[in-house]
Amino acid sequence: IAFVIYGENYNGTGTINSVKVKDNTASPALRKMKDVANDLYMNVADGTITDGETTAEISAISIAGSILTTQPSADIAELKSKVNAYLLIVPTSVANKNNVQFSFNIDNKDYNVSLTGGGAITWVAGQQYIYTVKLSGTQMNIISVTVTPWSSSHEGEVVIN
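The rules behind each value
- Residues numbered from 1 in each chain as written.
- Predicted model: local features only at pLDDT ≥ 70, side-chain atom pairs only at ≥ 80, totals over all residues.
- Heavy atoms only, no water.
- Core = buried A, V, L, I, M, F, W, Y, C linked by side-chain atoms within 4.5 Å.
- Buried < 20%, exposed > 50% of the residue type's maximum accessible area, 1.4 Å probe, protein only.
- Contact = heavy atoms within 4.5 Å.
- 1 Å grid on protein atoms, 1.4 Å probe; cavity = no way out; pocket = protein on both sides within 12 Å on 5 of 7 lines; lining within 4 Å.
- Points joined across faces, edges and corners; volume = space filled by probe spheres on them.
- Helix = DSSP H or I, 4+ residues; strand = E, 2+ residues; numbered from the N terminus.
- Polar contact = N/O pair within 3.5 Å; in protein donor to acceptor, adjacent residues only side chain to side chain.
- Phe/Tyr/Trp six-rings, centres within 6.5 Å; stacked < 30°, edge-to-face > 60°.

A.B. asks: Can you walk me through the nonpolar core in this structure?
C.D. replies: Side chains of a nonpolar character, in soluble globular proteins, are inclined to be buried together. Counting residues in each nonpolar core, the largest one holds 30 residues, and the members touching the most others are F3, I5, F102, F104, W123 and Y131. Contacts of F3, omitting those with residues within four sequence positions, involve V19, V83, N84, A85, Y86, L87, F102, F104, Y131 and V133. Membership of the second largest hydrophobic core comes to six residues, among which are A2, V4, L68 and L79.

See the structure below:
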């Protein structure tokens, strides 16, 4: 999951410190490795994920990105070049997307935004989901989501904590 975050009527420096995705359901669907063993595996032949443990929250810290000062265009190449925060998650489905919340710590202040609309959300393997998010004053809004095939070309360092 990638984010292109831009500001409108925002007066801070726009430093992105962390990003979180939360599954606020009674039985969260997000997966991570267990703390005591590296036991999360993907079968490369068919893509099935085994082991690990479910969690309600996945986070990336030390982003060291900054929000953009203008809204990017919807052009996929431009969006990919403007990504300023990201999370690497195991492909999953959440039955009600209203229960999915993104949290951004920008200039040491937390901003939250939830997905809206009915039905499930599924993040599938091999796809990159680019959310364009606007910080207007003190409020976050998801402007759009662009789904594009994952690119294996190197576009910079990915730090996973």
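A.B. asks: Whenever I open this one, the layout of surface pockets confuses me. Can you help?
C.D. replies: Gaps left between atoms show up when a probe the size of a water molecule is rolled over them. In this structure, the second largest pocket spans a volume of roughly 200 Å³. Taken together, K97, V113, S114, L115, T116, I121, T122, Y129, Y131, I142, V145 and V147 make up the full set of residues lining the second largest pocket. Of all the elements in the fold, those that place two or more residues in the lining of the second largest pocket are β11 (109–114), β12 (121–123), β13 (127–136) and β14 (139–149). No other element matches the three residues that β14 contributes to the lining of the second largest pocket.

A.B. asks: Would you take a moment to explain the side chain of T92 for this structure?
C.D. replies: Along the polypeptide, T92 turns up in strand β9 (residues 92–94). From its side chain, T92 meets the backbone oxygen of A29 in a polar contact 2.9 Å long. Sequence-distant contacts of T92, that is, excluding residues within four places in its chain, are made with A29, L30, I121, T122 and W123.

A.B. asks: Whenever I open this one, the packing of aromatic side chains confuses me. Can you help?
C.D. replies: What describes a pair of aromatic rings is the distance from one ring centre to the other and the angle between the planes of the rings. Scanning the model with the defined rule gives four aromatic pairs in all. When the ring of F3 is compared with that of F102, the centres are 5.0 Å apart and the planes differ by 80°; the resulting orientation is edge-to-face. Residue F3 is found in strand β1 (residues 2–8), and its partner F102 is found in strand β10 (residues 100–106); the two are separated by 99 residues along the sequence. The burial state of F3 is the same as that of F102; both residues are buried. A network of ring pairs unites the aromatic residues F3, F102, F104 and Y131 as a single cluster.

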